[in-house]
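One letter stands for each residue in the lines below.
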Amino acid sequence: MFDMAIETLQPVLERQRQSFQHDMYPSLSLRLDRLNRIGRLLKENRQALCDVVSRDFGHRSQHETVQLEIAPLMGALRHTRSHLRKWMQPERRGRSIEFLQLANWVQYQPLGVIGIMVPWNYPLLLALGPLIDILAAGNRAIIKPSELLPETSALLSKLIERYFTPEEVAVVQGGVEIASAFSALSFDHLIFTGSTAVGRKVMASAAANLTPLTLELGGKSPALIAPDYPIADAARDIAFGKLMNAGQTCIAPDYVLVEKSKLGDLASALISQAEAFYPRQAGQEQYSSLVGARAHERLVKGIEECRTRGAKLITADIAMPTQGRVIAPTLVIDPPADCLLMEEEIFGPVLPLIPYEDFDSALKFVRERPRPLALYIFTGNRQTEKKALTNTISGNVTINGTLLHIAQNDLPFGGIGPSGMGAYHGHEGFKRFSHARGIAKVRLFNPARLAMPPYGRMAKWLARFMMRG
């Protein structure tokens, strides 16, 4: 991977900022043209993108790259293009009776130059997804891909140069030093997706410039199975959400809470479902590798810790690729509360199962832990659903499924507390990367003239009127 010199970062930013100063409110047609170029980039280079991502992973199924990254991006483009004209329109706002002579509205104004810091687990979705919202809002963007995927980063840089001018979108490549310097640039907004630990460092770097942040972090996203829900149905959806991308998903189910009497049934159903997803006779092309030796070693360490401390482990017998670092789907039954797998986000195909005595205790278990990025609730009972929603806090929720909320283009996506700050996607993304500029216009008469000094009878009457209960 080509590492840029740190001193070249500021000129890239200044080049975009100067260009933005000459066109601070791009037309609808220009914004649509930029969005269309993202679509062409994806369509015309689909196979090349799938190939480099797979090589960087060690192995990743082409179906996963299309299904989890390219197809959602195309859906986001369709949604944004169809609504952008309306989003750009000024929003009329109300006024109180003493200000009837004013007209009030909000104009969504582009912020300027936005930085995008991309993680390695979804290198296309988390680079181009924010870019869709950023360009729709009329901004410029600089992308910093992950150094852990050198081929993908290089191809993304090459394609961005082909479809955009450097004044519109640029890519900077490099390792930790470049990433640190990138987060310290005086962007008009910075979006970072990654771990909570690195998110703290990014926030500290951005603070020097008072750069506004959107942080999409992680956390331990629970799957909560209510007593009424069929175990086989829950197992199918949980296995899907956990095993896509070999569990390397920030919103993957990180542990499952299940009624104690159904723990064994759930374990059997999950293993059966994993083996049905990746049968040995189907070859080795469907299951993904783990990215990097460090991630693999960390998971092996976490599994061994649970084994030595007496937790029961169950491993699925599936077809796995010969390339890359691979861990088979593994269940950890009732692990110690203070083990690595229960204290840190797992980020791999390892799933703890936690039994509960009653549903209230399961809700309490979730509440007592840091607020997760996602929560999965499985119930067919409306009262149970309402109880779970009103007694927990999380970034987003999918009910009776997993991962689905992130693919809904009209829903905001974002974390809360240690799982992040700020939401984007669709209309919320347009607004996230815009300044909501409130505008008040005097029409026939300025009511403030009634309250100007010297203060007389009219000013006193007006003060009493405005203080009415």
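By convention here, each chain's residues receive numbers from 1 onward along its written sequence. In keeping with the model being predicted, local features are shown solely for residues with a pLDDT of at least 70 and side-chain atom pairs are shown and tallied solely at 80 or more, while totals for entire chains, interfaces and linings include all residues. Calculation of side-chain values draws on the structure's entire complement of heavy atoms; hydrogens and water are dropped beforehand.

Enquirer: Could you give an account of a nonpolar patch on the surface, naming the residues involved and the relevant values?
Expert: On the surface, L444, F445, L450, M458 and W461 cluster together to form a nonpolar patch covering roughly 530 Å² of accessible area. In this structure, W461 sits in helix 16 (residues 457-466). Residue W461 is classed as partly exposed on the basis of its relative accessible area of 43%. Only residues whose relative accessible area exceeds 30% and that take part in no salt bridge are eligible for patches, with like-charged residues grouped when within 9 Å of each other and nonpolar side chains (Val, Leu, Ile, Met, Phe, Trp, Tyr) grouped when within 5 Å. The Shrake-Rupley method, run with a 1.4 Å probe, gives the accessible areas here. Residue values count only the displayed protein chains as cover. Here a salt bridge means any side-chain nitrogen of Lys or Arg lying within 4 Å of a carboxyl oxygen belonging to Asp or Glu. Only runs of H or I of at least four residues qualify as helices and only runs of E of at least two qualify as strands under DSSP, and these elements are numbered from the N terminus. For the exposure calls, accessible area comes from a 1.4 Å probe over protein chains only, and a residue counts as buried if that area is under 20% of its type's maximum, exposed if over 50%, partly exposed in between.

Enquirer: Account for the nonpolar core, naming residues and giving values.
Expert: Within this scheme, the nonpolar core is defined by two criteria: the residues are buried Ala, Val, Leu, Ile, Met, Phe, Trp, Tyr or Cys, and they are joined through side-chain atoms within 4.5 Å. Ranked by internal contacts, the top residues of the largest apolar core, which has 90 residues, are L42, I143, I225 and L353. Broken down by element, this core gets its largest block of residues, 10 residues, from helix 4 (residues 62-88). Shared between two domains, this core holds at least three residues of each, these being domain 1 (1-99 + 110-218) and domain 2 (222-407). By definition in these notes, contact holds between two residues if any of their heavy atoms fall within 4.5 Å. Apart from the residues within four sequence positions on either side, L353 is in contact with V256, L263, L266, A267, L270, L331, V332, I333, D334 and P335. The next biggest cluster of nonpolar side chains, apart from the first, holds 28 residues, and it includes L224, A246, L363 and F365. Reported domain spans reflect what an automatic or database domain assignment gives.

Enquirer: A description of the sheet that holds strand 12 (residues 350-356) should follow, citing residues and the corresponding values.
Expert: Reading across the sheet, the 7 strands line up as 10-11-12-9-8-13-14 and stay open at both edges, with mixed pairing between neighbours. Every interior strand has two partners, whereas the edge strands, strand 10 (312-315) and strand 14 (396-399), have only one. The average undirected angle you get between the axes of adjacent strands in this sheet is 20 degrees. Pairs of strands are assigned from DSSP output, requiring at least two bridges between the strands. For strand 8 (residues 222-225) and strand 9 (residues 255-259), the ladder comprises 3 bridges, and the chain directions are parallel. The residue of strand 9 that forms the bridge with A223 is V256. Relative to the sheet, helix 11 (residues 293-308) contacts strand 10, strand 11 (330-333) and strand 12, its axis offset from that of strand 10 by approximately 135 degrees. Axes here refer to lines fitted to C-alpha atoms; in helices the fit is confined to the stretch in contact. Angles between the N-to-C directions go from 0 to 180 degrees.

Enquirer: Describe the side chain of S434, and please don't skip the residues or the numbers.
Expert: Along the polypeptide, S434 turns up in strand 18 (residues 434-442). Polar side-chain contacts of S434 include one of 2.6 Å to the backbone oxygen of F430. If we ignore the near neighbours within four places in the chain, the residues touching S434 are Y108, Q109, L111 and A137. By the criterion applied in these results, polar contacts are pairs of N or O atoms within 3.5 Å in which, for protein atoms, one can donate a hydrogen and the other can accept it, and in which residues neighboring in sequence qualify only through two side-chain atoms.

Enquirer: Could you give me a rundown of the domain arrangement of the protein, with the residues and numbers involved?
Expert: Size of an interface, as often reported, equals the accessible area lost when the parts are brought together. Domain annotation for the protein reports domain 1 (1-99 + 110-218) and domain 2 (222-407). Centre-to-centre, using C-alpha coordinates, domain 1 lies 30 Å away from domain 2. At the interface, 17 residues of domain 1 touch 22 residues of domain 2. Note: buried area is the sum, over both parts, of the accessible area (probe 1.4 Å) each one loses when the two are combined. Of the roughly 1600 Å² buried between domain 1 and domain 2 on both sides combined, carbon and sulfur atoms contribute 56%. Considering only the side of domain 1, the residues that lose the most area to domain 2 are H59, E64 and W120, jointly responsible for 34% of the buried surface there. Connecting domain 1 to domain 2 are 0 salt bridges. Summed over the shared surface of domain 1 and domain 2, the result is 8 residue pairs in polar contact (both at pLDDT 80 or more). Here the element with the most residues in the side of domain 1 that touches domain 2 is helix 4; it accounts for 4 residues.

Enquirer: Outline the side chain of N121, listing residues and values.
Expert: Take N121: it is sitting in the loop between strand 3 (113-117) and helix 5 (125-136). A distance of 3.2 Å separates a polar atom in the side chain of N121 from the backbone oxygen of Q248. Every residue in contact with N121, bar those within four places of it in the chain, is listed here: F57, R60, L126, N245, Q248, T249, C250 and F347.

Enquirer: Just give me the short version of the sheet that holds strand 2 (residues 102-110), but keep the residues and values in it.
Expert: The antiparallel open sheet is built from 3 strands, whose spatial order is 1-2-18. Both outer strands of the open sheet, strand 1 (91-93) and strand 18, are each paired with one neighbouring strand and no more. When the angles between neighbouring strand axes are averaged without regard to direction, this sheet yields 30 degrees. Sheet analysis places strand 1 next to strand 2, joined by 3 bridges and oriented antiparallel. Bridging from a neighbouring strand, E91 pairs with V106 of strand 2.

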